[in-house]
Amino acid sequence: MNIAMIGTGYVGLVSGACLADMGNAVTCVDIMESKIERLNAGEIPIFEPGLQEIVERNKGVGNLRFTTSLKEALQKAEIVFIAVGTPMGEDGSADLQYVLQAAREIGKTMESKMLIVNKSTAPVGTAYKIKAMIQEQLQKRKVAIPFSVASNPEFLKEGDAINNFLRPDRVVIGIEEGWVKEILKEVYAPFLRSYDRLIVMDIKSAEMTKYAANAMLATKISFINEIARICEVVGADVNQVRIGIGSDKRIGYSFIYPGCGYGGSCFPKDVKALEKIAQDNGVEAKMLQATAQVNEKQKRVLGEKILQHFGESLKGKRIGVWGLSFKPGTDDMREATSLVLIQELLERGAEVSVYDPKAMEEAQKFYLKGMLNVAYASNKYDALNGCVAMVLVTEWKEFRSPDFLEIKERLQLPIIFDGRNQYNPKRLKELGFTYYQIGVQC
């Protein structure tokens with residue numbers, strides 16, 4: 001099948017590459033010339049395990065192409081996916097300017113019957129706005145070209161997105177016309193061979209499903225983090241409590257790991273956007289408000305513990321930070337806890353030494369650019385040289401079983417602040433460490 005993918009960001013690039021890997025002819029289009037130049041030169045602008053190999057393989061056999069020309073991308077396209085950004089506006093709502101710009105250009109350019117599928121995370125009713133925008137452009141051109149608009153929200157998990165796309169838990173599509181189901185069923189058939197996980201619903205319900213899913217997961221994270229704070233003050237161990245409640249099949253273990261808050265491009269933005277949708281429709285979404293508020297507070301918990309130990313001023317102290325990305329398996333630092341922590345440490349007068357397996361370039365070029373008193377180490381142990389403490393922010397695999405004797409040798413003081421509860425407190429105590437966890441009294 002001939003497919004056009006508008007947008008070569010995280011969703012567009014992963015989706016386009018995986019669709020091409022099943023034999024489809026996919027043309028990815030983006031208005032950013034520099035990004036298309038990099039992709040045509042074999043450079044992948046984001047880190048995602050397995051993505052480089054799939055892109056190279058399908059470029060090599062001609063299944064995957066990159067261009068800045070929408071007209072070129074639409075020439076033979078039967079399906080057009082919209083996968084552009086919907087950044088959070090100042091009021092918390094999703095900014096639809098890029099989605100509607102894509103729709104406008106489709107209406108100006110299309111020449112034959114077409115299915116337009118929105119994969120961008122957008123508020124309920126967006127598909128109808130896309131439809132209206134395309135129709136408006138066709139009327140201006142005084143042409144009548146049949147088309148339909150569908151919703152197909154993505155549920156990709158950064159760090160495991162290729163596996164998520166190739167082996168999805170479910171594929172949700174929102175449609176108005178029966179023929180659309182048959183086309184999308186054909187598109188996704190190679191990914192659903194084990195058993196049918198295609199869920200068909202109306203368009204508004206499909207759009208709502210994406211927001212509801214992310215809000216539910218974010219709520220579970222904030223819930224366990226609030227329990228962790230209570231555990232810490234009453235003397236309970238949240239790690240044991242997690243096992244106790246997770247063994248209940250109605251609750252399960254997923255997303256109830258205590259930590260220092262969630263980040264990334266999805267959860268913070270989508271919780272706020274859903275809250276705004278509710279507000280605009282006269283619903284007070286108290287649980288969504290609480291989820292976001294708890295998370296913002298949790299991002300400061302490591303800083304609080306450090307100040308409780310060392311005092312309000314950190315002047316003259318150097319602190320080593322392991323992990324910058326918002327989660328392991330990605331170089332994405334959007335809304336990352338590390339940014340909140342590092343800003344707090346610098347404001348208190350500390351020097352910060354950082355290391356991350358994949359996000360160092362992102363930090364230096366964008367998120368920590370120009371910040372004084374931030375040093376970038378070439379490996380995790382060098383990041384601890386001359387430091388009075390180590391702080392674990394992101395639970396990368398290479399941080400899970402470190403050489404604690406090496407850590408102790410590098411640190412001036414044997415102190416670890418663990419934002420992900422990764423280590424065995426009994427062993428660290430035997431080795432002479434002072435060890436702080438989330439939701440456990442030190």
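Residues numbered from 1 in each chain as written. Predicted model: local features only at pLDDT ≥ 70, side-chain atom pairs only at ≥ 80, totals over all residues. Heavy atoms only, no water.

**Let's talk about a nonpolar patch on the surface**
For step 1, the next point in the chain: Side chains of Ile-230, Val-233 and Val-234 sit close together on the surface and give an oily, nonpolar patch of about 310 Å² of accessible area.
For step 2, the next point in the chain: Mapped onto the fold, Val-233 is located in helix α9 (residues 203-234).
For step 3, the next point in the chain: Residue Val-233 is classed as exposed on the basis of its relative accessible area of 65%. (Patch = residues over 30% accessible without salt bridge, like charges linked within 9 Å, V, L, I, M, F, W, Y side chains within 5 Å. Areas by Shrake-Rupley, 256 points an atom, 1.4 Å probe, with all protein chains shown as cover. Salt bridge = Lys/Arg side-chain N within 4 Å of Asp/Glu carboxyl O. Helix = DSSP H or I, 4+ residues; strand = E, 2+ residues; numbered from the N terminus. Buried < 20%, exposed > 50% of the residue type's maximum accessible area, 1.4 Å probe, protein only.)

**What to know about the packing of helix α5 (residues 97-109) against helix α6 (residues 126-141)**
For step 1, the next point in the chain: Two numbers describe how α5 lies on α6: the axes approach to 8 Å, and their chain directions differ by 35°. For the element pair α5 and α6, the recorded crossing hand is right-handed. Each of Val-99, Leu-100, Ala-103, Arg-104, Ile-106, Gly-107, Lys-108 and Thr-109 in α5 lies in contact with α6, whose residues at this interface are Thr-126, Lys-129, Ile-130, Met-133, Ile-134, Gln-137, Leu-138 and Arg-141.
For step 2, the next point in the chain: Its residues assigned to classes, the contact of α5 with α6 shows 8 nonpolar, 4 polar and 4 charged. (Axes fitted to C-alpha atoms, helices over the stretch in contact; angles between N-to-C directions. Left-handed = near helix turned anticlockwise from the far one by under 90°. Contact = heavy atoms within 4.5 Å. Nonpolar A, V, L, I, M, F, W, Y, C, P; charged D, E, K, R; others polar.)

**A short note on the packing of aromatic side chains**
For step 1, the next point in the chain: By the definition in use, this model includes 13 aromatic pairs.
For step 2, the next point in the chain: Here Phe-255 and Phe-267 contribute two aromatic rings whose centre-to-centre distance is 6.3 Å and whose plane-to-plane angle is 45°, an arrangement assigned as tilted. Of this pair, Phe-255 sits in the loop between α10 (238-246) and α11 (267-280) while Phe-267 is found in helix α11, placing the two residues 12 residues apart along the sequence.
For step 3, the next point in the chain: With relative accessibility at 32%, the residue Phe-255 sits in the partly exposed group.
For step 4, the next point in the chain: Residue class for Phe-267 comes out buried when judged on its relative accessible area of 13%.
For step 5, the next point in the chain: With centroids separated by 5.1 Å and ring planes inclined at 85°, the aromatic side chains of Phe-404 and Tyr-423 adopt a geometry described as edge-to-face. (Phe/Tyr/Trp six-rings, centres within 6.5 Å; stacked < 30°, edge-to-face > 60°.)

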